Amino acid sequence: MISAERLRRWFFPPEVELPEHVRQLVRTIYPTLDLKALRFHLGIPHVFNLFAIQGITLPGRLRPRRARIYVDRQYWDPGSVEGLGLLLHEAYHALQIQEGGPGLGLLRPFLILYLACAAGNGFRYAGHPMEDDAYGLAGDPESRFETTFRAADIGPEACECMATPSSGLAFWRRLAESAPGWRRAGRGLRALLTPWVALWFLFWTSAVAILAILKGLVEMLGALAVGGLSLSSVRPSKLRD
């Protein structure tokens, strides 16, 4: 039988503190990232567990600048180059969220652009432009971080050389590039496609809004299920007390 604690962790993975050396590394490589608005969690939340992912970065529920990084337990290893690379890769997405602008829950420019770019890439993970940017810095054996830190005699100056003050999100340019037909159209025709890009934006905004509602429902049901299991595990004598 599933315990209330196990179910709680599945729906709401616990928050963990970064080791100080990792926090300093993130601060050095992303000098403009608001670490106070960034939270780390051990585990992948609810339905995202259905996908084979090592980590995922999602906007916070209510605070406009909040981002949450979730890392699968078996890949949480801040003492290794690979583990640090995964954390830095996800922190890159947190920087994208921050630069994309505020919103409410999942309804943020970051996620709208992410899904639009995914559609423009045929929903393939490989070649997704926002992922390529993040993997260029960290999270891949050939990224700048991994290749640099596998070399010998690495000092603090190596981190400073990788400082990335901006993700270069370029929201509207990338949104337009993800729209069907935009890349094939000549420069003169692209002005005529502006209404189509606007519809593309509205379509993915609606899709994100639906996802936000579904995520809210899943988490509400999860909270109710956890509460129900917690109550059922309390002994009747304790209830009388």
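Note: the structure precedes this text.
In short, a report on the structure. (Residues numbered from 1 in each chain as written. Predicted model: local features only at pLDDT ≥ 70, side-chain atom pairs only at ≥ 80, totals over all residues. Heavy atoms only, no water.)

A few points about the overall build of the protein chain
1) Next: For the protein chain, the helix and strand inventory stands at 11 helices and four strands.
2) Next: Along the longest, intermediate and shortest principal axes, the C-alpha atoms of the protein chain span 75 × 50 × 30 Å.
3) Next: Within the span of the protein chain, comprising 241 residues, buried residues form 44% of the whole.
4) Next: With the model as given, the accessible surface of the protein chain reaches about 13300 Å², and the carbon-plus-sulfur share is 62%.
5) Next: Taking the 27 positively charged and 22 negatively charged side chains of the protein chain as two groups, their mean positions are separated by 10 Å. (Helix = DSSP H or I, 4+ residues; strand = E, 2+ residues; numbered from the N terminus. Buried < 20%, exposed > 50% of the residue type's maximum accessible area, 1.4 Å probe, protein only. Areas by Shrake-Rupley, 256 points an atom, 1.4 Å probe, with all protein chains shown as cover. Lys, Arg positive; Asp, Glu negative; His and termini not counted. Charge placed at Lys NZ, Arg CZ, Asp CG, Glu CD.)

Here's the deal with the side chain of Glu90
1) Next: Within the secondary structure, Glu90 is located in helix 3 (residues 81-100).
2) Next: One buried charged side chain, Glu90, makes no salt bridge at all; its nearest oppositely charged neighbour is Arg68, positioned 13 Å away. (Salt bridge = Lys/Arg side-chain N within 4 Å of Asp/Glu carboxyl O.)

Observations concerning the environment of Glu20
1) Next: Examined against the element boundaries, Glu20 turns out to sit in helix 2 (residues 20-29).
2) Next: Given the relative accessible area of 52%, Glu20 is considered exposed.
3) Next: Along the sequence, Glu20 and Phe171 sit 151 residues apart, while their C-alpha atoms lie 33 Å from each other.

Digging into the nonpolar core
1) Next: Judged by nonpolar contacts, the single largest core of 55 residues is most densely connected at Val26, Tyr30 and Leu33.
2) Next: In this structure, Val26 is in contact with Leu18, Leu33, Leu35, Leu88 and Ala91, ignoring residues within four places of it in sequence.
3) Next: Counting five residues, the second-largest nonpolar core is a separate cluster that includes Leu7, Phe11, Val226 and Leu229. (Core = buried A, V, L, I, M, F, W, Y, C linked by side-chain atoms within 4.5 Å. Contact = heavy atoms within 4.5 Å.)

Focus: empty space enclosed by the protein
If a probe as big as a water molecule is rolled over the atoms, it shows which places are left empty.
1) Next: Tallied over the full model, the rule gives one cavity of 30 Å³ or more.
2) Next: By volume, the largest cavity is sized at about 30 Å³.
3) Next: If you go around the largest cavity, the residues you meet are Leu33, Asp34, Ala37, Leu38, Arg65, Ala67, Ala94 and Gln98.
4) Next: Taken together, the residues of the lining of the largest cavity sort by class into five nonpolar, one polar and two charged. (1 Å grid on protein atoms, 1.4 Å probe; cavity = no way out; pocket = protein on both sides within 12 Å on 5 of 7 lines; lining within 4 Å. Points joined across faces, edges and corners; volume = space filled by probe spheres on them. Nonpolar A, V, L, I, M, F, W, Y, C, P; charged D, E, K, R; others polar.)

Remarks on the sheet that holds strand 4 (residues 67-71)
1) Next: Read from one edge of the open sheet, four strands run 1-2-4-3, paired in mixed fashion. Of all the strands in the sheet, the pair left with one neighbour each is strand 1 (15-16) and strand 3 (55-59).
2) Next: Pairing geometry for strand 3 and strand 4, over five bridges, is antiparallel. Bridge pairing in strand 4 places Gly55 opposite Val71.
3) Next: Lying over the sheet, helix 3 contacts strand 2 (38-42), strand 3 and strand 4, oriented at roughly 20° with respect to strand 3. (Pairing = 2+ DSSP bridges. Axes fitted to C-alpha atoms, helices over the stretch in contact; angles between N-to-C directions.)

Some details on helix 2
1) Next: Looking at helix 2, one finds that the buried residues are Val22, Arg23, Leu25, Val26 and Ile29. All buried residues of helix 2 lie within an arc of 160° about the axis, which places them on one face of the element. Residues of helix 2 that are exposed and angled more than 90 degrees away from the buried face: Glu20 and His21. (Arc of directions from axis to C-beta.)

Quick word on the layout of surface pockets
1) Next: Its boundaries defined by the atoms lining it, the largest pocket holds a volume of some 1200 Å³.
2) Next: Lining the largest pocket are 41 residues, and of these Phe48, Ile53, Ile56, Tyr114 and Tyr125 sit closest to its centre.
3) Next: Only strand 3, helix 3, helix 4 (109-120), helix 5 (129-137) and helix 10 (194-232) provide two or more residues apiece to the lining of the largest pocket.
4) Next: Residue contributions to the lining of the largest pocket peak at six residues, all from helix 3.
5) Next: Along the lines of polarity and charge, the residues of the lining of the largest pocket split into 22 nonpolar, 10 polar and nine charged.

A look at the pairing of strand 4
1) Next: Along strand 4, five of the five residues are buried, which leaves the element largely enclosed by surrounding structure.
2) Next: Residue alternation in strand 4 divides its side chains into two sets, Ala67, Ile69 and Val71 and Arg68 and Tyr70, and both sets are buried.

What to know about helix 1 (residues 4-11)
Owing to its 3.6 residues per turn, the α-helix aligns residues three or four sequence positions apart on the same side.
1) Next: For helix 1, the complete set of buried residues consists of Ala4, Leu7 and Phe11. Axial view of helix 1: buried residues confined to an arc of 65°, hence all on one face.
2) Next: Against helix 10 lie the buried residues of helix 1.

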